[in-house]
Each structure stands twice: as structure tokens, then as C-alpha cells.
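# Coordinate inspection notes
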Amino acid sequence: MVWNFHNSYTDLPNIYYSKVKPEISNDKKLILFNKDLAEEIDLNLDNYDENEICDILLGNQLSNKNYFSQAYAGHQFGHFTILGDGRALLLGEHITRNNKRFDIQLKGSGKTPYSRNGDGKAVLGPMIREYLISEAMHNLGISSTRALAVITTGENILRERVEPGAILIRVAKSHIRVGTFQFGNLLKKREEFDILINYTVDRLFPELINESNKYIKFFEKVCVLQINLITEWMRVGFIHGVMNTDNMSLSGETIDYGPCAFLDNYNPKTVFSSIDKMGRYSFENQPKVSLWNLARFAETILHLVDSNEKKSIKIVEEILNEYNNKFILNWNIMMSKKLNLDLNNDNTNIIKNFLDIMHIHKLDYTNTFINLENNNLDKNIFKDWYIKYNNLKNKKFDKINPIVIPRNHLIEKVINESHSGNFESLYEYEKILKNPYDKNIKNKFTNPPTENEKIYETFCGT
Ligand code: AMP
Ligand code: MG
């Protein structure tokens, strides 16, 4: 089948979205197309040529064009702002054969009522980045929005330099964010807010529909999803970079790959984003920020938790207080698995010790765990640590320590080559990132950057 759109979001009160039209020029080119994902969502485009595929992916052949952009608000670096999809629209909600619903979104499709001063467009480099990294995350086993395609539009767009215009086709369980609820709450129209929350529970957590205290359970579920997600980010050394509340999806998917990057050498204070001057979204701060964002989410639903506000605050606070304990427990289990430690022990010290050594000696986060697996660690540096560790005899590492992560310097390299019309490295790297636990991967994909190749700053690419 091709698209099977049945939109439900547009049944919400119309404050939550705006109908829009994409502005797409005619000179389209299919740069990346994710056949595996197309298959997963029952989209069969085998019988179409490149031009037709572009048209289908961009929705051009649809008889009913019900495109819309979503309204939302959000705390950006702690400051509250009204936002919305300024450069994105939903083609529709695609329903698969086994009744799964996916948002199909175009990112970079032109101005919308939420564009403020922006042009609503996106450029090739950042869209390739999002494609590669979001798919790498998925292949690492981490919940994420997916990338179905990147299409260039033939336009030249002025950013820091002139760049080719591009559109990413993004697939997500939903795009409902903490910021969507902040927007709903802002209007102080209880009825319209309650419609949004009931819609979200029905769509994301249908098992809760008949629960008596479903809003509390909903909040708990969202918290657990975040705890699991951030733990997974820490497992692979991922730094999101812009954990604003509008970039936290209630589905528990990683969303919005702007200035994100993976750690090379381990330093818990690492920040890549050029705009994060205070280190708010540094590697080690991610659990704290996620908790802060969840507290902003909790504020929007207080009136539904209990009719007595004090009681309601108390219930929510108890759930938030549990966050830290649950996170630490989860993180300890994850790190213990990375080091192949006995889960029945308290491994806090030996884990901390290992991380400290990596930090002091500026060791590569990914490769150090692989070296441990291969019994290849520097015996001098780890001499004292090895005295406490004797777990290699019974090796049980299973898809826990990746061999390949999307390294910033390699991403930049393929983007630069793509700008000059050479996509060979891009296609090669895309393939490599499909099997991040493959032991037979060439060193050029696993080596950390040399001093010259190191990248210290990443940009939003808006
Ligand atoms: P982000 O940093 O990608 O989460 O974007 C934050 C906000 O800025 C969102 O409301 C985006 O839709 C909006 N935005 C980002 N880039 C553009 C652009 N080129 N034109 C208009 N709005 C944009
Ligand atoms: Mg965003």
C-alpha cells in the first residue's frame, strides 16, 4: 500500500493545530530513503521511480491534503515561550496493516503560522545528521523518532553559508510533547485541556483508559519512559543538547536531533551545543533536566490528579521524588551490565572508579568498554581497578556496549562530501550504522577523532 492516512489529531479543538500548505519547489531529489522503515510501516514503493517516490513521500499525489502543524509551548533553556511547528507539518497519521498509528511529518517544508521570524525551511547538512543519528539510535535499540527519507528541494538557502534546501520525512509514534500540555494549560480552558489529555492517554497508553486514577498512572508511565530513555542515552554516551520541554516527547521517543552528539573521550561535563553556554544540557545533567521537565509537565495536570490542590501537589511530588531513586537503580543496572558485574552486588564504587579513570586519562567512552570486553585495557592505567574486578571469565556482554556510534567527526565528513554532490561516504556510513554491535567493523568507523578531527561545537541548524 501507499499512504493510509486517518487523522485523529485534527479532531481536537482547533487551538491545538493549524491547517497549512507545504512550500516545495519542483526540483526534488531523493538523497536518502529508508527501505527497511518503509517496509516496517507497510509502505510499498517498489514500483515507482525516484520522482514518483519523492511526490508520494511529500504527499503531492494525495487527493485530500489535510496537512497541519501543531501548536505547542515550551521552556527553552529554562525560559517559557510559545512555539509550535515553525518548519514542520504533518502529512497525516498513517495506519499500518496491524493497526499501528504513525505521524508522518515533513521537516523543512516552509512557513507555518508558528514560524515567527524563521523561513520554515531546513538545509541538507542538519537533515542528514538527523537521519543518520535517529536511525543509529533506533539500531542501537533506543526509542527514537525515525527517518524515512531526505529529499533536497533544489533551493539555495542562506544560513551561515548558502546551503541546499532539504526536507526530512520523520516518522513518530506521536509528536505530543511536554510543551503541548504547557500550551493547553496556558489557555486555562479546562475542557479543552481535558480533551487533549484524554486523547493522549487513549493514543499512547490505551491500557489506562478504564483505570480510576488514570491521570496519576499516566504521569507515572511518562516518568518511567523518561528514566529508561535517559539511562539508554547514558549507556551509549549520547548528549541530546537541547532538552527543552518542547523537545521531550510523551511517547518516550528521543526527538529533535539538533546539536546532539556522542561522547568521544569521557568527560561527564561535556556540552556540544554552541548555545548551551552554562552547560545546562551537559552529559551528566541529563537525568536532572529530564526530572525538571517532568515537573513542568506535572504542573499542567494538577487539577486532574485531585480536586484538592495541596493533595494533588503532594501526590505528584511523591512520584517525582521517586524519580531519583529509580534512575540511580536503573543506571546502576545498566552500568553493571556494561562492565559485566554481578547484579546482586552493590557496584557503585567499582563503576565510579572505572568512570573516574576514563575521565582522568581522557579515554574514549565507547572503545574503553569494548577494550574491557576484549581484555585489552591498558594494564597500567587499570591496574588497581583490575584488583577489584575479576568478571571476564564469565563474559555475558550482549548488545550492551556498541562498537559503532555515529561519531561527530565522521558525520561532519559525510555532510561535507554531500555538499559537493558526493554521497558515497554517506551511503557507506548509513549502512555501517545499521549494525552497531557488529564485531567486524573497520577501524576507520570506530577510531576516535584525531586532535585535528575533533569537533567541539554543534549547531541547531535552523
Ligand atoms: P528546535 O530547536 O528545532 O526544537 O526548534 C524550536 C522552535 O523553533 C520550534 O518551534 C521550531 O519549529 C522553530 N524553528 C526552528 N527552525 C525554524 C525555521 N527555519 N523557521 C521557522 N521556525 C523554526
Ligand atoms: Mg523542537
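A short tour of the structure in this document, coming up. Note that the structure is a prediction, hence the values are computed from the model and not measured. Numbering of residues begins from 1 in every chain and follows the order in which that chain's sequence is written. Whichever chain is written first is A, and whichever ligand is written first is 1; the rest continue in order. Side-chain atom pairs in this predicted model are given and counted only at pLDDT of 80 or more, local residue features only at pLDDT of at least 70, and totals for whole chains, interfaces and linings cover all residues. Only hydrogens and water are removed before side-chain values are computed, so all heavy atoms of the structure are retained for them.

This part takes up the overall build of the protein. The secondary structure content of the protein amounts to 14 helices and 11 strands. Every radius of gyration here is taken over C-alpha atoms, with the globule rule written as 2.2 Å times N^0.38, N being the number of residues. For the protein, whose C-alpha radius of gyration is 23 Å, the value lies close to the compact-globule estimate of 23 Å for 462 residues. Relative accessibility decides the category of a residue: with a 1.4 Å probe and only protein chains considered, values under 20% of the type maximum give buried, values over 50% give exposed, and everything between is partly exposed. Within the span of the protein, comprising 462 residues, buried residues form 58% of the whole. Here a residue-residue contact requires only that any non-hydrogen atoms of the pair lie within 4.5 Å. Considering only residue pairs separated by 6 or more positions, the protein has 72% of its internal contacts joining residues 24 or more positions apart. Reported accessibility uses the Shrake-Rupley method at a 1.4 Å probe radius. Residues are deemed covered only where the shown protein chains occlude them. Accessible area for the protein stands at about 20700 Å²; split by element, carbon and sulfur atoms hold 47% of it. Taken as two groups, the 57 positive and 58 negative side-chain charges of the protein have centres that lie 3 Å from each other. Secondary structure elements follow DSSP: runs of H or I of four or more residues count as helices, runs of E of two or more count as strands, with numbering from the N terminus. When charges are counted, Lys and Arg are positive and Asp and Glu negative, with His and the chain ends excluded. Charge positions come from single atoms, namely NZ of Lys, CZ of Arg, CG of Asp or CD of Glu.

Let's shift gears to the packing of helix α6 (residues 214-236) against helix α8 (residues 309-338). Look at α6 against α8: their axes get within 9 Å of each other, and the N-to-C directions meet at 30°. For the element pair α6 / α8, the angle class is roughly parallel. Handedness of the crossing formed by α6 with α8: right-handed. Judged by residue contacts, I216, F219, E220, C223, V224, I227, N228, I230, T231, M234 and R235 of α6 engage I315, V316, I319, L320, Y323, K326, F327, N330, W331, M334 and K338 from α8. Gly falls in the polar group here, along with every residue not listed as nonpolar (Ala, Val, Leu, Ile, Met, Phe, Trp, Tyr, Cys, Pro) or charged (Asp, Glu, Lys, Arg). Of the residues contributing to the contact of α6 with α8, the split by class is 15 nonpolar, three polar and four charged. Here an axis means a line fitted to C-alpha atoms, over the contact stretch when the element is a helix, while the angle between two N-to-C directions is reported on a 0 to 180 degree scale. Reported orientations rely on four angle classes, namely roughly parallel under 35 degrees, roughly antiparallel over 145, roughly perpendicular from 65 to 115, and oblique for the rest. Take the far helix as the reference: if the near one is turned anticlockwise from it by less than a right angle, the crossing is left-handed, and if turned clockwise, right-handed.

Bringing the packing of helix α12 (residues 408-419) against helix α13 (residues 424-432) into the picture now. Between α12 and α13, the shortest axis-to-axis distance is 8 Å and the interhelical angle comes to 145°. Together, L410, I411, K413, V414, E417 and S418 of α12 and S425, L426 and Y429 of α13 make up the contact between the two elements.

We now examine the site of ligand 1. Taken together, 18 residues form the shell around ligand 1, and within it G84, G86, D119, G120 and N247 come nearest. Pairs of N or O atoms within 3.5 Å make up the polar contacts considered here, provided that, within protein, one atom can donate a hydrogen while the other can accept it, and that residues adjacent in sequence are counted only when both atoms are side-chain atoms. A distance of 2.8 Å separates a nitrogen atom of ligand 1 from a polar atom in the backbone of G120. At 3.2 Å, a backbone N or O of K121 approaches a nitrogen atom of ligand 1. Of the residues assigned to the shell around ligand 1, the class counts are two nonpolar, eight polar and eight charged. Only a single heavy atom is needed: when it lies within 4 Å of a molecule or strand, its residue is near that molecule or strand.

Moving on, we get to the nonpolar core. We define the nonpolar core as a collection of buried residues of types Ala, Val, Leu, Ile, Met, Phe, Trp, Tyr and Cys that are connected through side-chain atoms lying within 4.5 Å of one another. In terms of nonpolar packing, the biggest core is built from 117 residues, with F181, F218 and W385 touching the most fellow members. With 12 residues, α6 is the largest single contributor of residues to this core. The contact partners of F181, leaving out residues within four places of it in the chain, are I176, F193, L196, I197, T200, F218, L250, F297, T300 and I301. Counting residues in each nonpolar core, the second largest holds 28 residues, with I41, I53, L58 and L62 among its members.

Think of the donor list as every N, O and S atom within 2.8 Å of the metal, or within 3.2 Å for Na, K and Ca; water never makes the list, so a site can look incomplete. Here the magnesium ion (ligand 2) is held by N247 (OD1) and D256 (OD), and the distances to it run 1.9 to 2.2 Å. The buried category is assigned to D256, whose relative accessible area is 15%.

In terms of burial, helix α4 (residues 178-186) is largely enclosed, as seven of its nine residues are buried. Among the residues making up α4, those that are buried are V178, G179, T180, F181, Q182, F183 and G184. Summarising the contacts, the buried residues of α4 are in contact with β4 (73-76), β5 (79-82), α5 (190-204), α6 and α7 (286-305).

Here the focus is the side chain of N408. Mapped onto the elements, N408 comes out in helix α12. Contact partners of N408, with chain neighbours within four places excluded, come to R129, A261, F272, I455 and T458.

Time to look at the environment of L91. Tracing the backbone through its elements, the reader meets L91 in strand β6 (residues 88-95). Among the residues examined, L91 registers a relative accessible area of 2% and is labelled buried. Between the C-alpha atom of L91 and that of F77, which follows or precedes it by 14 residues, the distance is 30 Å. Beyond its immediate stretch of four places on either side in the chain, L91 contacts W3, F5, L57, L58, G59, N66, Y67, I104 and L106.

For strand β7 (residues 101-107), the buried fraction is high: six of the seven residues fall into the buried class. Direction of pairing for β6 relative to β7: antiparallel, over a ladder of seven bridges. Opposite H94, over in β7, you have F102 as the bridge partner. Strand pairing is assigned whenever DSSP identifies at least 2 bridges connecting the two strands. Direction of pairing for β7 relative to strand β9 (residues 162-172): antiparallel, over a ladder of five bridges. What sits directly across from K107, in β9, is L168.

Right, let's get into the pattern of salt bridges. When their charged atoms lie close together, side chains carrying opposite charge are able to pair. By definition, a salt bridge exists where a carboxyl oxygen of Asp or Glu is found within 4 Å of a side-chain nitrogen of Lys or Arg. In the structure shown here, the tally under the stated rule is 32 salt bridges. Taking the shortest distance from any N to any O, the salt bridge between R97 and D42 comes out at 3.5 Å. Of this pair, R97 sits in the loop between β6 and β7 while D42 sits in the loop between α1 (35-40) and α2 (50-57), placing them 55 residues apart in sequence. When its relative accessible area of 63% is taken as the criterion, R97 is described as exposed. We classify D42 as buried; its relative accessible area is 16%.

In terms of burial, strand β2 (residues 29-33) is largely enclosed, as four of its five residues are buried. Note that β2 and strand β8 (residues 146-158) share four bridges and pair antiparallel. Of the residues in β8, the one forming a bridge with L32 is V150.

This part covers the side chain of H240. Position of H240 among the secondary structure elements: in the loop between β10 (238-239) and β11 (261-262). In this structure the side chain of H240 is engaged in a polar contact, spanning 3.1 Å, whose partner is the backbone nitrogen of V242. Once residues within four sequence positions are removed from consideration, H240 is found in contact with W233, N247, T254, I255, D256, P259, C260 and Q286.

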